[in-house]
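Results of the structural survey
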Amino acid sequence: MSKLKADTLWMSGNEAVALGAYEAGTKVASGYPGTPSTEIMENLSRYEGVHTEWAPNEKVGLEVAIGASFAGARALATMKHVGVNVAADPLFTASYTGVCGGLVLISADDPEMHSSQNEQDNRNYAFAAKVPMLEPSEPREAKEMVKLAYELSETLDTPVMVRMTTRVSHVKGVVEKGELQTSNVTCGINKDPAKRVMLPAMARKRRTAVEQHMQKCRELAETAAYNRIEKGDTKRGFITGGVSYLYVKEAFPEAAVLKLGMCWPLPEQKIRAFAEMVDELIIVEELDPFLETHIKAMGIACKGKDLIPNQGELNTAIVREAIAPGTGPQLFEPVELPTRPPNMCAGCPHRGIFFNLSKMKVFVSGDIGCYTLGFLPPLSAMDSCVCMGASVSIAHGMAKALGEDGFDKVVSVIGDSTFIHSGITGLINTVYNQSASTLIILDNRITAMTGQQQNPASGYSIKGEAAHALDLEALCRAVGVPHVFKVNPHDITETRKVLKEAIALKEPSVVISEAPCVLLPEMKTRKPVPYVTDQEKCTGCMSCIQLGCPAISWTTFQEGEAEKRGYRKKQKGISQIDEILCNGCGQCASLCKFDAITKGGE
Amino acid sequence: MKESGNILFSGVGGQGILLASEITVYSLMSAGYDAKKSEVHGMAQRGGSVTAQLRYGKKVYSPLIEPGCVDIQMAFETMEAVRYLPYLHKDSKVIVNTQRILPPSVATGKSEYPEEVLGHLTRKGIAVVEVDAFDLALEVGEVKTANVVMVGALSAFLPVDPALYEEIIRTRIPEKFRDVNLKAFAAGRQASK
């Protein structure tokens, strides 16, 4: 007999956040996709009665949520850790304006940088922006904490942040369905300029209100159940929170623990009482010594980052080894194997652009998306990547530094979604402040890296309903770019010609590479006609191999094998296309000078 | 059978490891266990090495398996059976789908696919169960059920009544594919005995 209960769900932390937001009666939710946060908005979009949307960037997403809150709705903004940098401007003032309907901001951090460019610890934002922050350890708690965050937000009149991390967002666990909540706040126009118009005179008054509601929050934190002392062996006591709590429970199951469900503000009295209970106090937290710094500032002696690493994720073994060295199991040595890094898909349109760039003597200023993989061999065609949208402005800065000599040596590459996120302002700057760098927009009609999210240029909303599709070409012309080209990146030769022409120009130029992502549903369901290699015609020149396409593989000949099989004596091997993997883009065929690659059936 | 355990799923992005791990989780939960599973999305999914970690027991805290503590590894590709050796111990069991997917350095002629790679496991006394999941899936009539063949192979080592698995397959897989998946499960279970 199955012991599965009807109201027991198995879901990821992100799915649980979505369910929590739904159960809390969220009316408006806006955010920008970014690993590990993306599935929150995707899942929330499937519930009835919640307006969900993908915003062009995180700043817009948070501002939409602030607006919805001002109008009395419970509102949610979701983003990855670096997205909060983009949304920081409204965040730091939203604590002053306070809320009407509850306002919750989810920050999904990525310790270990599984899919990110840095591993910033966003608990620091709660401190700096003066907002409360809750930190769940597992999916079940994530759902409860989202509901709690809304209650706190309305009680204290402040936005509340919930910090997820990869090992909470992308961990699945058991979650129970709960009651639907309703907010006491009703929607409507509620004018309150003294609280909402942050001119200096008003802002100064609100500055005091921020201190008052944070003080109230500190008092609540002293007695709240989410900050709990778990009794145990007091020889060694731990203060911890988030996913680190789970590692402490496994490594030292007998020890006394103070689990902080709210990592800011901190309950000083409770921490002091716990510190007095235990002989030795150890703070276990991932990344920065956030709790440790503030606890030490209270004058409480403790250990922390002198034992626990301040980089990367923690796990049970790291926590145990840091505190009780030599108690873990003896491990087998790893075996050296060929690595298996991620790669662009077979038939990916980006490959056509990066293959061409790899043959040109240019500095490629890159950006954030699947195309960052253009950095990897054999293409090796990306020279910098800093943050969303930076490709355009970095190229302009380089062009200015290099002067006239550099105008045809710097190219920037950005995806459609990233361009809309924060590349447009960079392009306006390039035109306004007159440099001649070339921008390549890789328009594959989707936000691909995060798993196929719609965007303002894709023509569909988050729910798949028809929406206005931003005309990228018209936009580039409207901001004053005199030369805008369009290419089909699968046509390698034509693309090369256009890129050369655009790069040589002494005025700003944009090349829009237009071809859909092969992971789009309509691309996956079509039956592509695969290309085939004529093994007799293949001369082993390796031109096609240089594309790095996962559908093309190289077989090296054994000694004497070339002659035996009727090839030139010096031929080193042959290439072959895997017809199951081939997506029929034809880039390899356009490179083969020996007509050895043809479309199947031709 | 142990009352708690750590299962590591390893393979290559796009092989459909997730479905296999989901059926396994539901079956363990049906049998009354708590469970947690950890996966990584985003950049890691573009054809690179991929893992999912599943832990079950009376109460599970950490979603991550400690090095040296994997009880069973389910490898969906031959070489990926060996990549996580420091996570295994001498009594670990490794179930391998004996398929080869060439990594980019091998496909471009820069390195060789290692020969006899499973020897790294057997020489340490680790039990290796080789399953030709593709062949078995073809035999039952649908190559796409290779995942469920692997679920069947794993089930022989877990404290779950096979009837619970069958119930999960019945309720979670569309009717059209139900029978062929049940056959795939049975074929996999048989193969690892």
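Residues numbered from 1 in each chain as written. Chains lettered and ligands numbered in written order. Predicted model: local features only at pLDDT ≥ 70, side-chain atom pairs only at ≥ 80, totals over all residues.

Brief notes about the overall build of chain A
Tallying secondary structure elements over chain A gives 21 helices and 22 strands in all. Taking 25 Å as the expected radius of gyration for a compact globule of 602 residues, we find that chain A reaches 28 Å, a close match to that expectation. Counting only C-alpha atoms and orienting by the principal axes, one finds that chain A spans roughly 85 × 65 × 55 Å. Expressed as a percentage of the 602 residues in chain A, the buried residues total 52%. Sequence-distant contacts, at least 24 apart, represent 75% of the contacts inside chain A between residues at least 6 apart. (Helix = DSSP H or I, 4+ residues; strand = E, 2+ residues; numbered from the N terminus. Rg over C-alpha atoms; globule rule 2.2 N^0.38 Å. Buried ≥ 20, exposed ≤ 12 C-beta atoms within 10 Å, placed from the backbone. Contact = placed C-beta atoms within 7 Å.)

Examining helix H14 (residues 350-358) of chain A
Counting buried positions along H14(A) gives 8 out of 9 residues, so the element sits mostly inside the fold. Among all positions of H14(A), only A:His350, A:Arg351, A:Gly352, A:Ile353, A:Phe354, A:Phe355, A:Asn356 and A:Leu357 are buried.

Brief notes about the sheet that holds strand E2 (residues 28-31) of chain A
Residues and elements named next belong to chain A. The 7 strands are arranged E3-E2-E4-E5-E7-E6-E12 in an open sheet whose pairing can be described as mixed. In this open sheet, the two edge strands, each paired with only one partner strand, are strand E3 (51-54) and strand E12 (262-264). Bridge count for E2 against E3 is 4 bridges, and the pairing is parallel. Bridge pairing in E3 links Gly31 to Trp54. Where helix H3 (residues 58-70) meets the sheet, its contacts fall on E2, strand E4 (75-80) and strand E5 (103-109), and the angle it forms with E4 comes to roughly 165°. (Pairing = 2+ DSSP bridges. Axes fitted to C-alpha atoms, helices over the stretch in contact; angles between N-to-C directions.)

Focus on the environment of A:Met145
Residue and element names in this part refer to chain A. By the secondary structure assignment, Met145 is in helix H6 (residues 139-156). On the neighbour-count criterion, Met145 (26 C-beta atoms within 10 Å) is buried. The spacing of Met145 and Gly20 is 125 residues in sequence and 7.9 Å in space, taken between C-alpha atoms. Residues in contact with Met145, not counting those within four places in the same chain, are Leu134, Pro136, Val162 and Gly261.

Brief notes about the packing of H14(A) against helix H18 (residues 492-504) of chain A
All names here are of chain A. Relative to each other, H14 and H18 sit at 55°, their axes nearing to 10 Å. One element, H14, and the other, H18, form an angle in the oblique class. In this structure, H14 crosses over H18, and the sense of that crossing is right-handed. Note on element contacts: H18 touches H14 through Ile492, Thr495, Arg496 and Leu499, opposite Gly352, Ile353, Phe355 and Asn356. Of the residues assigned to the contact of H14 with H18, the class counts are 4 nonpolar, 3 polar and 1 charged. (Parallel < 35°, antiparallel > 145°, perpendicular 65-115°, else oblique. Left-handed = near helix turned anticlockwise from the far one by under 90°. Nonpolar A, V, L, I, M, F, W, Y, C, P; charged D, E, K, R; others polar.)

Some remarks on the interface of chain A and chain B
Facing the 50 residues of chain A at the interface are 51 residues of chain B. Sorting the residues of the side of chain A that touches chain B by element identifies helix H7 (166-169), strand E8 (171-176), helix H10 (244-251), helix H13 (316-323) and strand E20 (552-556) of chain A as the ones contributing at least two each. In this sheet, strand E2 (residues 34-39) of chain B lies alongside E8(A) in antiparallel orientation, the contact comprising 2 bridges. Residue pairing across strands places A:Lys172 opposite B:Lys37, the latter belonging to E2(B).

Here's the deal with helix H15 (residues 390-402) of chain A
All names here are of chain A. In this model H15 runs 18 Å from its N-terminal to its C-terminal C-alpha over 13 residues, within 8% of the 18 Å that 1.5 Å per residue would give. Those residues of H15 that sit buried are Ala390, Ser391, Val392, Ser393, Ile394, Ala395, His396 and Ala399. In the core, the buried residues of H15 are packed alongside strand E14 (363-365), strand E15 (410-415), helix H16 (416-432) and strand E16 (438-443). Gly403 occupies a position one or two residues after H15 and carries a positive phi of about 70°. (Expected span 1.5 Å × (residues − 1).)

Let's talk about the sheet that holds E15(A)
By definition, the strands of a sheet pair up through backbone hydrogen bonds, in either a parallel or an antiparallel sense. Residues and elements named next belong to chain A. Pairing in this open sheet of 5 strands is parallel, and the strands run E14-E15-E16-E18-E17 from one edge to the other. Strand pairing shows two members of the sheet lacking a second neighbour, E14 and strand E17 (483-487), which therefore form its edges. Between one strand axis and the next, the sheet turns by 25° as a mean value, whatever way the strands run. Sheet topology note: the E17/strand E18 (residues 509-514) ladder contains 5 bridges and is parallel. What sits directly across from Val484, in E18, is Val510. The sheet strands contacting H14 are E14, E15, E16 and E18, and the helix crosses E16 at an angle near 155°.

Some remarks on the nonpolar core
Among the nonpolar cores identified, the biggest contains 164 residues, and B:Val149 and B:Met150 are the most heavily contacted of them. Considering each element in turn, this core owes the most residues, 8 residues, to H6(A). Excluding anything up to four places from it in sequence, B:Met150 contacts B:Ala20, B:Met74, B:Phe76, B:Ile95, B:Asn97, B:Val131, B:Ala133 and B:Gly188. (Core = buried A, V, L, I, M, F, W, Y, C linked by C-beta atoms within 7 Å.)

Focus: the pairing of strand E7 (residues 160-165) of chain A
Residue and element names in this part refer to chain A. The element E7 is extensively covered by neighbouring structure, given that 6 of its 6 residues are classed as buried. Residues Val160, Val162 and Met164 point to one face of E7 and Met161, Arg163 and Thr165 to the other, with burial holding for every one of them. Sheet analysis places E5 next to E7, joined by 6 bridges and oriented parallel. Looking across to E7, one finds that Ile106 is bridged to Val162. Pairing geometry for strand E6 (residues 133-134) and E7, over 2 bridges, is parallel. Note that in E7 the partner of Leu134 across the bridge is Val162. Assessed by its sense of winding, the connection that carries the chain from E6 through H6 to E7 is right-handed. (Right-handed = clockwise from strand over helix to strand, strands pointing away.)

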